[in-house]
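Fold and geometry: a report
So the chains spell out like this:
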Amino acid sequence: QVQLVESGGGLVQAGGSLRLSCATSGRDFSGNGMGWFRQAPGKEREFAATINWSGRNTFYADSMKGRFTISRDNAKNTVYLQMNSLKPEDTAVYYCAARSYSGTASEREYEYDYWGQGTQVTVSS
């Protein structure tokens, strides 16, 4: 059974940092593109960051560039999202996702086949 399990969310003050982790199991995703998405209350889920299989190619939503860093450790089957300079508008449930058949990074939600349950990030002002 394939599982993606996010962790590392929580409550943080504006300007603070959090590091989210996404641990995968049940399948080897070391050759697959991975991504992070988020959904704020009352809003649709949106793209946050993505990384290709090797970790060499990464892309970010404009609002997260320079503040968020996506990385991966294929030996540990884990993808990370380092979030710095957090703002109240970053408050959302953050989801990890994996592509089934491609090693490239993607901003497109529909190109992901596996999803985690999400982890809540709350940024207070």
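Let me sum up the structure you'll find in this document. The residue numbering used here restarts from 1 in each chain and proceeds along that chain's sequence as written. Only residues with pLDDT of at least 70 are given local features in this predicted model, and only at 80 or more are side-chain atom pairs given and counted; all residues enter the totals for whole chains, interfaces and linings. Values shown for side chains rest on all heavy atoms present in the structure; no hydrogens or waters enter the calculation.

Let us now look at the nonpolar core. Put simply, a nonpolar core is a bunch of buried Ala, Val, Leu, Ile, Met, Phe, Trp, Tyr and Cys residues held in one set by side-chain atoms that sit within 4.5 Å of each other. Three exposure classes are used, based on accessible area relative to the maximum for each residue type with a 1.4 Å probe and protein chains only: buried under 20%, partly exposed in between, and exposed over 50%. Counting 31 residues, the largest nonpolar core has M34, W36, F68, I70, L81, M83 and Y94 as its most contacted members. Numbering of helices and strands runs from the N terminus; a helix is a DSSP stretch of H or I covering at least four residues, while a strand is a stretch of E covering at least two. Elements with a contribution of two residues or more to this core: β3 (18–25), β4 (34–39), β5 (46–51), β7 (68–73), β8 (78–83), β9 (92–98) and β11 (119–124).

Before going further, it helps to spend a moment on the pairing of β7. Going residue by residue along β7, you find F68, I70 and R72 tucked away on one face and T69, S71 and D73 left uncovered on the opposite face. Where β7 meets β8, six bridges bridge the pair, whose relative direction is antiparallel. Looking across to β8, one finds that I70 is bridged to L81. We call two strands paired when DSSP finds no fewer than two bridges between them.

Moving on to unusual backbone geometry. Most peptide bonds are trans, and most residues other than glycine sit at a negative phi. Of note in this structure, N77 is not a glycine but carries a positive phi near 55 degrees. Within the secondary structure, N77 sits in the loop between β7 and β8. At S85, a residue that is not glycine, the phi angle is positive and equals roughly 50 degrees. The class for S85 is partly exposed, based on a relative accessible area of 41%.

Before going further, it helps to examine the state of the cysteines. Note on terminology: disulfide denotes any pair of cysteine sulfur atoms within 2.5 Å. Scanning all chains against the criterion turns up one disulfide. A sulfur-sulfur distance of 2.1 Å marks the disulfide that ties C22 to C96. In this structure, the disulfide formed by C22 and C96 twists by about -75 degrees around the S-S bond and is classed as left-handed. On the criterion of sequence distance, the pair formed by C22 in strand β3 and C96 in strand β9 is long-range, its members being 74 residues apart. Each member of the pair C22 and C96 is classed as buried.

Let us now look at the pattern of salt bridges. Any Lys or Arg side-chain nitrogen found within 4 Å of a carboxyl oxygen on Asp or Glu counts as a salt bridge. Scanning all chains against the criterion turns up seven salt bridges. A salt bridge links E109 to R45; the shortest N-O distance between them is 2.9 Å. You can see E109 sitting in the loop between β9 and β10 (114–115) and its partner R45 sitting in the loop between β4 and β5, a full 64 residues away along the chain. Residue E109 is classed as partly exposed on the basis of its relative accessible area, which comes to 30%. Where E111 meets R99, a salt bridge forms, and the shortest distance between an N and an O atom there is 3.2 Å. Remark: R99 occurs in the loop between β9 and β10 and E111 occurs in the loop between β9 and β10; sequence separation between them is 12 residues. Where salt bridges share partners, they join R38, E46, R67 and D90 into one cluster.

Of all seven residues in β9, six are buried; the element is thus mostly enclosed. Pairing geometry for β4 and β9, over six bridges, is antiparallel. Bridge pairing links W36 to C96 in β9. Across three bridges, β9 lies against β11 in antiparallel orientation. Its bridge partner lying in β11, V93 is registered against Q120. As paired elements, β9 and β10 share two bridges and run antiparallel to each other. In the sheet register, A98 faces β10, and the bridge partner there is Y114.

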